[in-house]
Structures are given as structure tokens and as C-alpha cells.
Amino acid sequence: MESAAKTPKSLSLPWTTRITLWLLDIGLNLIMRKDGTVNRGLLKLVPLTPPSSEPINRVKTYDVVVDPTRKLWFRVFVPTQYTVEDLPVMVFCHGSGYIVASADTQLYDDFCRKLARELHVIVVSVDYRLAPEHRHPAQHEDGLDVLKFLDVEENRLKWLPGNANISQCFIAGDSAGGNMAHHVAVRASQFNFQQLQVVGLVSIQPFFGGEERTGSEIRLNGTAPVLTLKQTDWFWNAFLPLGEPYNRDHPVVNVSGRYAVDISKMDLPPTIVVVAGFDILRDWQIRYYEWLKKSGKEVYLVDYPNMFHGFNLLPELPESDQLILEVKDFIHNVLNKVFAALICNLKTDDAKLTSFINLRA
């Protein structure tokens, strides 16, 4: 399904947002070297946010090291207004083409803080290894290893708040993080966790692609405010291992293409897919949604026709707040179904049902 009909002819944005996007585009092009490496020196100019034990906007944060040898760590975002009731855990994978950004990048610290506060979840933001220094599958291995780390009771008791409920775990990500969230969810579905259960997937404008040029790529290349084909091709070249069979039709990139993994028998969670009218990746994302649906998975599509790639990170846009509400509704509906299924199972055992009701009370 190509999606040109839904996209307005022009993009209406505040001038402050246009300046921000212009500066981000310039910065991105400056760090992408012609030899395929990243100018890490320039990235030292990107604002970072330290962890805050004192709440900022009703959320406190701290960092946890998973594996110092590969510098794998995550930042925990704890909403301070919910200290009694159990809260779901959202494992978040940041975007930026698999080549830049981190869990302490100011843009992502602000966004994860907003997720924790507005969604009533404990956010675990993964700081995974970056390409091209670390190519696929390093990032997806890091994501799964964070889930494994959280599943260990000793780690959980030491590093997560007492009201963190890892049996209600959502995996989320935007852009490259959306790609990563999908592949981590697939890996997680094949791993036998002791306590952790992945119950939902939040995919915000996931970074997918292929050798083919889709209608949205051709139509929006050079006119959309964020992302060009030159940039996305560069990202994939930096991310993928060198040599065959790693081109853009590999299933890690073209997730729903002819080499797609058969997920029809996998226990994948309900998924919400967010797309935007002025995102060159739009058609790939809609194909992803249709592929999940065709594979028999529960999936929902949310469309912002007058938005662009990465709009979720800009709080001045009303659509970024609307997105939070959409995700909040999704989480609420998923948890209601989880709760209903649990009650149904407990009804077979009156003693367990009474104990569960007393616990909830």
C-alpha cells in the first residue's frame, strides 16, 4: 500500500521548528564522512543530560551499567508521583540511524522523561553500541541482553524500583530504535525468561528500507525536512556487516521483503506503528504494518499526515503530545487484556483468585 493520497501538498511548521530541523540536518551531514566513518569529535558538541536523583519534571533518573567491557548501560526514568501501585516497564531504544545519540542525549533524555511521566511507566533507555564501529548484530544483542539483565532477580531488586512490574514489559523505539525494538522483540519471543514478559511493542516511525525505491522515498527525497536517500543509504552501509548477503534487502533492513523471517508462529506482542505523511520511510513502515497484520499479529496504525520523521522529539508540536496520548491508550488497552486473561486463568483456582484480588486491593 503506497500512501501518497493521504499526504498534504505542503508541510506547515512553526519557524522555530524549521530552524531546529535545519540545524540538525547540517550537523548530521557534518559528522557523516565520505569514508563511511563518523566524526565523533563533533558529537562532543551535542548537549548531554546527567542523571538526576532529584526529580526534574516529576521524574528522577539514574544510570546502570550492564557490561563495562562493551560500555553497555541504560538510564532508568522513574516517575515520582506513582510510588505505591505497580508500574509497567518500558525498554526504550533511541533512534538516529544506529550511528549517533545515546541514552543521555538531551533530546532523548527529555523524551524518555516525558514517556515516564505521561504514560505512568518506568522507562529503561538502552545505551547500545553504535555503528560503524560496531555493526549488526551488536545493537540487537545489546537490547536483548538488557532484557536478560532485568530478568535476573538480583539485578531487578538492586536496580529497579520496588513497584516495577517486569511481567508488563513494553519495548519501544523511534526511527532506528523502532527497527531495533522489532528485532529485539523477535529475539525475546524465542528466549525463555523467568519473570519478564514482553506484552507490547511501540514502533515510532521505524527505520526500514530495501533496494527498491518506494513512492514516498521518490516523492519526498530532498523535500521532506528530515532524512534523504543519501543519508539513509549511508546509515545502512555503516550498520550492515560488509559483504554478501548484507544489502538493503537483508531482513534486518527490509523486514517484510522477500527474505522476511516467518513470524506467523512467533509469539509477538500487540504492536502500535506510528507513521507520518512527510517521512520518506512512510511506505516501508506501512508495509511493516501490513506484514504484521498478514502474519496474524495484533497491530494498530497511527498516521500523522502533516508530520515528518522524528516529530516525536519536538515538544513544541501539538502532534508530539497527541502521540503520547495514542501510546497511552495502546498501553491501557494492552494491560486490560493482560489483566482479563489473568483473571480468566485464575478463575480455575479460587484460592489463587482470592489471593490476587487481595493483593490488588
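Nothing here was measured: the structure is a model prediction, and the numbers come from that model.

Asks: Describe unusual backbone geometry, naming the residues involved and giving the relevant values.
Replies: For the bond running from Ala131 to Pro132, omega is 0°, close enough to zero to count as cis. Assignment of secondary structure puts Pro132 in the loop between strand S4 (122-127) and helix H3 (138-151). In this chain, His136 is followed by Pro137 through a cis amide linkage whose omega measures 15°. When you line up the elements, Pro137 lands in the loop between S4 and H3. With phi around 80°, Ala101 is a residue other than glycine that occupies positive phi space. Along the chain, Ala101 falls in the loop between strand S3 (87-93) and helix H2 (106-119). Here the phi dihedral of Ser175 falls at roughly 55°; this positive angle occurs in a residue that is not glycine.

Asks: Which residues make up the sheet that holds strand S5 (residues 164-174), and what values do they have?
Replies: With respect to topology, 8 strands assemble into an open sheet ordered S1-S2-S4-S3-S5-S6-S7-S8, the strand pairing being mixed. Single-partner strands in this sheet number two, and they are strand S1 (59-67) and strand S8 (299-308). When strand polarity is set aside, the average angle formed by the axes of neighbouring strands in this sheet is 20°. Pairing analysis gives 5 bridges linking S3 to S4, with the strands arranged parallel. In the strand pairing of S4, Val89 is matched with Ile122. Contacting S1, strand S2 (72-79), S3, S4, S5 and strand S6 (198-204), H3 runs over the sheet at an angle of about 60° to S2.

Asks: Talk me through the nonpolar core; I want residue IDs and the actual numbers.
Replies: Counting 114 residues, the largest nonpolar core has Met90, Leu147 and Phe308 as its most contacted members. Not counting residues up to four positions away in its chain, the partners in contact with Met90 are Leu115, Leu119, Val121, Ile122, Val123, Val124, Phe170, Ala172, Val202 and Ile331.

Asks: Tell me about the packing of aromatic side chains, and please be specific about residues and values.
Replies: Scanning all chains against the criterion turns up 15 aromatic pairs. For the ring pair Phe74 and Phe149, a centre distance of 5.8 Å and an interplane angle of 70° mean the geometry is edge-to-face. With Phe74 in strand S2 and Phe149 in helix H3, the pair connects residues that are 75 residues apart, well separated along the chain. A centroid spacing of 6.4 Å and a plane angle of 70° characterise the contact between Phe170 and Phe330, whose relative ring orientation is edge-to-face. In this pair, Phe170 is assigned in strand S5 and Phe330 in helix H9 (residues 318-346), connecting sequence segments 160 residues apart. The residues Phe170 and Phe330 share a single accessibility class, namely buried. Taken together, the ring pairs in this structure connect Tyr98, Tyr128, Phe207, Trp234, Phe235, Trp236 and Phe239 into an aromatic cluster. The ring of Trp284 carries Arg287 above its face, with NZ or CZ at 4.8 Å from the centroid.

Asks: Can you tell me about helix H8 (residues 282-294), naming the residues and giving the values?
Replies: Three or four residues apart is the spacing at which side chains of an α-helix point the same way, because the helix has 3.6 residues per turn. Helix length check: H8, at 13 residues, gives a terminal C-alpha distance of 18 Å against a target of 18 Å (1.5 Å per residue), a fit within 8%. The buried fraction of H8 is high, at 10 of 13 residues. Those residues of H8 lying buried are Arg282, Asp283, Trp284, Gln285, Ile286, Arg287, Tyr288, Tyr289, Trp291 and Leu292. Buried residues along H8 sit in contact with helix H5 (176-189), S6, helix H6 (215-220), strand S7 (271-278) and S8. One or two positions beyond H8, positive phi appears at Gly296, with a value near 85°.

Asks: Which residues make up the environment of Asp35, and what values go with them?
Replies: Mapped onto the fold, Asp35 is located in the loop between helix H1 (15-31) and S1. Residue class for Asp35 comes out exposed when judged on its relative accessible area of 59%. Linking Asp35 and Val202, residues 167 residues apart in sequence, is a C-alpha distance of 34 Å.

Asks: A description of empty space enclosed by the protein should follow, citing residues and the corresponding values.
Replies: Evaluation of the coordinates by the stated rule reveals 3 cavities of 30 Å³ or more. As for the largest cavity, its lining consists of His182, Ala185, Leu201, Leu268, Pro269, Thr271, Tyr288, Leu292 and Lys297. Mapped by element, the contributors of at least two residues to the lining of the largest cavity are H5 and H8. Classifying every residue of the lining of the largest cavity by side-chain character gives 6 nonpolar, 2 polar and 1 charged.

Asks: Residues and numbers for the packing of H3 against H5, please.
Replies: One way to put it is that H3 packs onto H5 with a least axis distance of 9 Å and a crossing angle of 55°. Comparing the axis directions of H3 and H5 gives the class oblique. Of the two possible hands of crossing, H3 and H5 adopt the one that is right-handed. Packed against H3, whose contacting residues are Gln139, His140, Glu141, Gly143, Leu144 and Leu147, the element H5 presents Asn179, Met180, His183, Val184, Arg187 and Ala188 at the interface.

What counts and how
Residues numbered from 1 in each chain as written. Predicted model: local features only at pLDDT ≥ 70, side-chain atom pairs only at ≥ 80, totals over all residues. Heavy atoms only, no water. Helix = DSSP H or I, 4+ residues; strand = E, 2+ residues; numbered from the N terminus. Pairing = 2+ DSSP bridges. Axes fitted to C-alpha atoms, helices over the stretch in contact; angles between N-to-C directions. Contact = heavy atoms within 4.5 Å. Core = buried A, V, L, I, M, F, W, Y, C linked by side-chain atoms within 4.5 Å. Buried < 20%, exposed > 50% of the residue type's maximum accessible area, 1.4 Å probe, protein only. Phe/Tyr/Trp six-rings, centres within 6.5 Å; stacked < 30°, edge-to-face > 60°. Lys NZ or Arg CZ within 6 Å of the ring centre and 35° of its normal. Expected span 1.5 Å × (residues − 1). 1 Å grid on protein atoms, 1.4 Å probe; cavity = no way out; pocket = protein on both sides within 12 Å on 5 of 7 lines; lining within 4 Å. Points joined across faces, edges and corners; volume = space filled by probe spheres on them. Nonpolar A, V, L, I, M, F, W, Y, C, P; charged D, E, K, R; others polar. Parallel < 35°, antiparallel > 145°, perpendicular 65-115°, else oblique. Left-handed = near helix turned anticlockwise from the far one by under 90°.

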